[in-house]
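Analysis of the macromolecular model
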Protein chains: 2
Amino acid sequence: MRNLKFTIEYNGAKFFGWQKQNGKRTVQGELERCFYELTKERVSFEGSGRTDKGVHAFGQVASVVCENKIPLKNIKTALNNLLPSDVRIVKVENAEESFHARFSSKRKTYIYIVQVGGSRSALECDTIGFFPYDVDLQKMKEAGEMLVGKHNFKAFCSADTSVKNFEREIYSFNISKRGRKIKFEICGNGFLYNMVRIIVGTLLDIGRGKLDKNCIRDAFLTEKRSILGKTMEPNGLYLKKVEY
Amino acid sequence: MRNLKFTIEYNGAKFFGWQKQNGKRTVQGELERCFYELTKERVSFEGSGRTDKGVHAFGQVASVVCENKIPLKNIKTALNNLLPSDVRIVKVENAEESFHARFSSKRKTYIYIVQVGGSRSALECDTIGFFPYDVDLQKMKEAGEMLVGKHNFKAFCSADTSVKNFEREIYSFNISKRGRKIKFEICGNGFLYNMVRIIVGTLLDIGRGKLDKNCIRDAFLTEKRSILGKTMEPNGLYLKKVEY
């Protein structure tokens, strides 16, 4: 028995998300299909978390318990030859027996890229979100700072979740702008369902002047989803890295 | 009656090419469907040329003969609201009665972007071609110059074509490199089926040292497809502009 740690990059545009689903093209499904083709072993790629339809990853991590003795380097090369070009194995490493991509994770970093104002480019429609209004970056930065720390993020979570504990800690939150493109980079100990997309939608509405930054403090207290901004579309979201 | 000239941008990743086909998602099909939704007129978007599955455009042009009296600006805005985000109307103009996007075109410019060597990025798999070898840029530039001018490009054309005249004139051909990415920009009076993709595949094989640049001269004379490089994948190809 061996426990392997995979680091995986994918373009979410043509996937129905990470998680295996019957009859649908998913990242986990493609990985397990190609792993079987290579090794004849039916294994489970246990991801650090699910990503939704349309969400991308530079550094998704999955753990795989398996029996084969194929050298690590060969696994990477052979799998990349079998996989479709929108998913790539970046790294394969040996992991401790106790390692689990989801349960062992300590920090995750997400990026969200959005174009504000102007005309939307058809060519970037799968890889960059769009917000039709100009925004005040300084207001957004001030609001972003309010997110850092340990908070009750229940209001920042889509309703369809089975989670019981809504406390999460945000370690850092950075916003940068280049032309009409804004990049949000957020690092925390974990994220609720749609949390990053709701944070970005809320900050953009604050930047636009539609919401006041104090809605964030109010949301921590009242747990009301309705006082925050909309859930941004998935295509601007990237899982950058998972740390253990 | 009015004759409209549309300039259109699209990301080809999720389209089965430009041309309308029953039961398949195509750019022409989406445009005509949305135009009907807006005007209740069944019209034909006559493109400057078809683009294949996976090929993109910054500046495809289509002419449309129609009857409605909607102001140009409103047509653009309303269509963009109806169209999916991977196709955008960049401009709508009034055209002369005699204008036809295909038959009136004088010059077309294509771009091909490819990564040479290194690991392929999953995130760019739909928008950039890939060539697994390092190449000598100088050799490729010398070979590229041999393409400029009027030549018999029959060897640079995929077999499934009904075209009878294979003479085309290339006005300019530029190659530039930035990191591992090479950009080919080619302007000519017209292009045969797969011609740009065969040119790029051939130049990359010349740059790699697998073919000699004189294969280009030989191909003009012998019309043999087999002495040239492979047809590059469609996803690195962009129709940049059509001039009239």
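Quick caveat: nothing in here was measured; it's all calculated off a predicted structure. Within each chain, residue numbers correspond to sequence positions counted from 1 in written order. Chain letters start at A and ligand numbers start at 1, both assigned in the order the entries are written. Whole-chain, interface and lining totals are the exception, using all residues; otherwise, since this is a predicted model, local features are given only for residues with pLDDT of at least 70 and side-chain atom pairs are given and counted only at 80 or more. Only hydrogens and water are removed before side-chain values are computed, so all heavy atoms of the structure are retained for them.

**Considering the overall build of chain A**
- Put simply, DSSP H or I for four residues or longer makes a helix, DSSP E for two residues or longer makes a strand, and each gets a number counted from the N terminus. Looking only at helices and strands, one finds five helices and ten strands in chain A.
- Each radius of gyration reported is based on C-alpha atoms, and the globular scaling rule is 2.2 Å times the count of residues to the power 0.38. Over its C-alpha atoms chain A spans a radius of gyration of 19 Å, differing by no more than 12% from the 18 Å that the globule rule assigns to 244 residues.
- Across its three principal axes, chain A shows a C-alpha extent of roughly 60 × 40 × 30 Å.
- Any residue under 20% of the maximum accessible area for its type is buried, any over 50% is exposed, and the rest in between are partly exposed; the area is computed with a 1.4 Å probe on protein chains only. Of all 244 residues assigned to chain A, the portion counted as buried reaches 54%.
- Of the contacts made within chain A by residues no fewer than 6 positions apart, 70% connect residues no fewer than 24 positions apart.
- For this count, His and the chain ends are skipped, Lys and Arg are scored as positive, and Asp and Glu as negative. By convention, charge coordinates are those of NZ in Lys, CZ in Arg, CG in Asp, or CD in Glu. Separation of charge centres in chain A, based on 42 positive and 28 negative side chains, amounts to 2 Å. Should any heavy atoms of two residues lie within 4.5 Å, those residues are counted as being in contact.

**Quick word on the relation of the copies chain A and chain B**
- Residues below a pLDDT of 70 in either copy are left out; the C-alpha atoms of the rest, at least 70 in both, set the least-squares superposition of the copies. For the pair chain A and chain B, the best superposition has an RMSD of 0.0 Å and corresponds to a rotation of 180 degrees with a translation of 0.0 Å parallel to the axis. Both copies are brought into coincidence by an operation consistent with a two-fold rotation axis. No C-alpha of chain A lies nearer the rotation axis than that of Lys14 of chain A, which sits 4.0 Å from it.
- Residue by residue, 100% of the interface of chain A is reproduced at the interface of chain B, so both copies engage with the same surface.

**Thoughts on unusual backbone geometry**
- In this model, Lys40 of chain A sits at a positive phi of 60 degrees, which is unusual for a non-glycine residue.
- Within the fold, Lys40 of chain A resides in the loop between α1 (27-39) and β2 (46-47).

**Structural notes on the domain arrangement of chain A**
Residue and element names in this part refer to chain A.
- Segmentation into domains, and thus their bounds, comes from an automatic or database assignment. If you check the domain split of chain A, you get domain 1 (2-95) and domain 2 (107-243).
- When each unit is reduced to the centre of its C-alpha atoms, the spacing between domain 1 and domain 2 is 28 Å.
- On the side of domain 2, 14 residues touch domain 1, which itself brings 14 residues to the contact.
- Summed over both partners, the accessible area lost on bringing two parts together, with a 1.4 Å probe, is the buried area. Interface area for domain 1 against domain 2, summed over the two sides, is near 1100 Å², with a carbon-plus-sulfur share of 59%.
- Looking at the side of domain 1 facing domain 2, the largest losses of area belong to Asp52, His56 and Phe58, adding up to 44% of the total buried there.
- For this analysis, a salt bridge means a side-chain nitrogen from Lys or Arg found within 4 Å of a carboxyl oxygen belonging to Asp or Glu. Across the contact surface, domain 1 and domain 2 share one salt bridge.
- A salt bridge links Asp52 to Arg197; the nearest nitrogen and oxygen atoms lie 3.2 Å apart.
- Distance and chemistry together define a polar contact, namely a pair of N or O atoms within 3.5 Å, with one atom able to donate a hydrogen and the other to accept it when in protein, and with adjacent residues in sequence counting only for side-chain atoms on both sides. At the surface where domain 1 touches domain 2, the tally comes to ten residue pairs in polar contact (both at pLDDT 80 or more).
- Amino acids are sorted into nonpolar (Ala, Val, Leu, Ile, Met, Phe, Trp, Tyr, Cys and Pro), charged (Asp, Glu, Lys and Arg) and polar (every other residue, Gly among them). Residues belonging to the side of domain 1 that touches domain 2 are distributed by class as follows: five nonpolar, seven polar and two charged.

**Overview of the interface of chain A and chain B**
- Each partner contributes to the interface: chain A provides 19 residues, whereas chain B provides 19 residues.
- Counting each side, the surface lost to burial between chain A and chain B is near 1600 Å², with a carbon and sulfur contribution of 59%.
- At the boundary of chain A and chain B, one finds two salt bridges.
- Linking Lys14 of chain A and Asp126 of chain B is a salt bridge whose minimum nitrogen-to-oxygen distance equals 2.9 Å.
- Linking chain A with chain B are eight residue pairs in polar contact (both at pLDDT 80 or more), by the criterion used here.
- When contributions to the side of chain A that touches chain B are tallied by element, the ones reaching two or more residues are β1 (2-10), β3 (56-66) and β4 (87-94) of chain A.
- When residues of the side of chain A that touches chain B are assigned to their parent elements, the largest contribution, three residues, is made by β3 of chain A.
- Partitioned by chemical class, the residues of the side of chain A that touches chain B number nine nonpolar, four polar and six charged.

**Thoughts on empty space enclosed by the protein**
Residues and elements named next belong to chain A.
- Each cavity reported here is a set of points on a 1 Å grid over the protein atoms alone in which a 1.4 Å probe fits but cannot get out, each pocket an open set with protein on both sides within 12 Å along at least five of seven lines, and each lining residue one with an atom within 4 Å of a point. Grid points are joined across faces, edges and corners, and a volume is the space filled by probe spheres set on the points. The tally for this structure, following the rule as stated, stands at one cavity of 30 Å³ or more.
- Its boundaries defined by the atoms lining it, the largest cavity holds a volume of some 40 Å³.
- Around the largest cavity sit Gln115, Arg120, Ser121, Glu124, Cys125, Ile128, Gly129 and Phe130, which together line it.
- A breakdown of the residues in the lining of the largest cavity according to their chemical character gives three nonpolar, three polar and two charged.

**Quick notes on the pattern of salt bridges**
- This model, assessed by the stated rule, comprises 30 salt bridges over all chains.
- Note that Asp86 of chain A and Arg25 of chain A form a salt bridge whose closest N and O atoms lie 2.9 Å from each other. A residue pair is termed long-range when its members are at least 10 positions apart, and Asp86 of chain A in the loop between α2 (72-82) and β4 and Arg25 of chain A in the loop between β1 and α1 qualify at 61 residues.
- For Arg25 of chain A, a relative accessible area of 27% gives the class partly exposed.
- In this structure, Glu142 of chain B and Lys213 of chain B form a salt bridge, with 3.2 Å as the shortest nitrogen-oxygen distance. Of this pair, Glu142 of chain B sits in helix α3 (residues 137-147) while Lys213 of chain B sits in the loop between α4 (195-208) and α5 (214-222), and the two are 71 residues apart along the sequence.

**Remarks on the packing of helix α3 (residues 137-147) of chain A against helix α5 (residues 214-222) of chain A**
All names here are of chain A.
- In this analysis an axis means a line fitted to C-alpha atoms, helices contributing only their contacting stretch, and an angle means the value between N-to-C directions, from 0 to 180 degrees. The contact between α3 and α5 brings their axes to 9 Å, and the two run at 20 degrees. By the criterion of interaxial angle, the relationship of α3 to α5 is roughly parallel. Considering the relative orientation of α3 and α5, their crossing is right-handed. Together, Ala143, Met146 and Leu147 of α3 and Asn214, Ile216, Arg217 and Phe220 of α5 make up the contact between the two elements. These descriptions rest on fixed angle ranges, namely under 35 degrees for roughly parallel, over 145 for roughly antiparallel, 65 to 115 for roughly perpendicular, and the rest for oblique. Two helices crossing with the near one rotated counterclockwise from the far one by less than a right angle form a left-handed crossing, whereas a clockwise rotation gives a right-handed crossing.

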